[in-house]
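Coordinate inspection notes
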Amino acid sequence: MNKDEQLRFSLMLAFQTVTAQDKRAQSEASVKKIIAYAKLINEFCNLHLTQTFPEQTIKLPDDRWVTQVDAAINQHIEDLQKREQTKLPTDRETLIQYYDRLQQRKVRRSQWLFYAQATTEELADLVLKYMDEEIEEKNSEGYQ
């Protein structure tokens, strides 16, 4: 949503609010009230939208592999949405990369709320837990 669309949407919400309270939305007093509400809605969204719906819950180092694989996957998704079909690569390695990356993306989508709400201590505890699990798995498999 661009800035103009956001402002227009705020104005529509404000108009709806005022008309729900008073059916005479065309009066000068109502118009002023609608504009004031729209400004408040827009300011509120600007302040709190990123906290409510973070675009990126965590920042990871830029990985060229991830960027390339995501771009390819996104193109296939776009093809499926537009044409209801896509032509996947036939080589096993690329299919494994797609599958692995799609699993990562699915986990991220399902975990975004947790990431947004978890404390630093909770995250640190979970990181240590998973590190311990990796150590246990390596030891049980005979790896050192």
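Residues numbered from 1 in each chain as written. Predicted model: local features only at pLDDT ≥ 70, side-chain atom pairs only at ≥ 80, totals over all residues. Heavy atoms only, no water.

1. Considerations on the confidence of the model for the chain
Keep this limit in mind: Per-residue confidence from the predictor is reported as pLDDT, which spans 0 to 100. By the criteria applied, helices consist of DSSP H or I runs no shorter than four residues and strands consist of E runs no shorter than two, each listed in order from the N terminus.
Averaged over every residue, the pLDDT of the chain is 81; the share at 70 or more is 83%. When pLDDT is averaged over each helix and strand of the chain, the minimum, 76, is found for helix α1 (residues 3-21) and the maximum, 91, for helix α5 (residues 120-140).

2. As for the packing of aromatic side chains
For clarity, the threshold we go by: When the centres of two rings from Phe, Tyr and Trp lie within 6.5 Å, Trp using its six-membered ring, the rings pair. Their planes under 30 degrees apart give stacked, over 60 give edge-to-face, and anything left gives tilted. For a Lys NZ or an Arg CZ to count as sitting over a ring, it must be within 6 Å of the ring centre and within 35 degrees of the ring normal.
Taken as a whole and assessed by the stated rule, the structure comprises 0 aromatic pairs. A cation over an aromatic ring shows up here: lysine 129 above the ring of tyrosine 130, its NZ or CZ 5.1 Å from the ring centre.

3. Focus: a negative patch on the surface
We apply this condition: Distance thresholds for patches are 9 Å for like charges and 5 Å for nonpolar side chains (Val, Leu, Ile, Met, Phe, Trp, Tyr), applied to residues having over 30% relative accessible area and no salt bridge. Per-residue and other accessible areas were derived by the Shrake-Rupley procedure at a 1.4 Å probe size, with only the shown protein chains allowed to occlude residues. When a carboxyl oxygen of Asp or Glu is within 4 Å of a side-chain nitrogen of Lys or Arg, the pair counts as a salt bridge. His is not counted, nor are the chain ends, whereas Lys and Arg count as positive and Asp and Glu as negative. The atom standing in for a charge is NZ when the residue is Lys, CZ when it is Arg, CG when it is Asp and CD when it is Glu. Burial status follows relative accessibility: with a 1.4 Å probe on protein chains alone, a residue under 20% of its type maximum counts as buried, one over 50% as exposed, and anything between as partly exposed.
On the surface, a cluster of negative charge is contributed by Asp132, Glu134, Glu136, Glu137 and Glu141. Assignment of secondary structure puts aspartate 132 in helix α5. With a relative accessible area of 44%, aspartate 132 lands in the partly exposed category.

4. Observations concerning a nonpolar patch on the surface
On the surface, a cluster of nonpolar side chains totalling about 320 Å² of accessible area is made up of Phe114, Leu123, Leu126 and Tyr130. Broken down by element, the nonpolar patch gets its largest block of residues, 3 residues, from α5. Within the fold, phenylalanine 114 resides in helix α4 (residues 92-117). The class for phenylalanine 114 is partly exposed, based on a relative accessible area of 30%.

5. Here's the deal with helix α3 (residues 64-83)
We count it as follows: Every helix has an expected span of 1.5 Å times one less than the residues it contains. Contacts are residue-level and defined by heavy atoms, with any inter-residue pair within 4.5 Å sufficient.
For α3, built from 20 residues, the straight-helix expectation of 28 Å at 1.5 Å per residue is met to within 8% by its first-to-last C-alpha distance of 28 Å. Looking at α3, one finds that the buried residues are Val66, Val69, Asp70, Ile73, His76 and Asp79. For α3, the secondary structure elements touched by its buried residues are α4. The first or second residue beyond α3 is glutamate 84, which carries a positive phi of 60°.

6. A closer look at the packing of α3 against α4
Counted only if it meets this: Every angle, taken between N-to-C directions, lies between 0 and 180 degrees, and every axis is a line fitted to C-alpha atoms, over only the stretch in contact when it is a helix. Should an angle fall under 35 degrees it is taken as roughly parallel, and over 145 as roughly antiparallel, whereas 65 to 115 is taken as roughly perpendicular and any remaining angle as oblique. Note that Gly is not counted as nonpolar here; it falls among the polar residues with everything else outside the nonpolar set of Ala, Val, Leu, Ile, Met, Phe, Trp, Tyr, Cys and Pro and the charged set of Asp, Glu, Lys and Arg.
Two elements in contact, α3 and α4, have axes separated by 10 Å at closest approach and are oriented at 90°. In terms of orientation, α3 and α4 fall into the roughly perpendicular class. Between α3 and α4, the residues in contact are Trp65, Val66, Val69, Asp70, Ala72, Ile73, Asn74, His76 and Ile77 and Gln97, Tyr98, Asp100, Arg101, Leu102 and Arg105, respectively. Across the contact of α3 with α4, the residue classes tally to 8 nonpolar, 3 polar and 4 charged.

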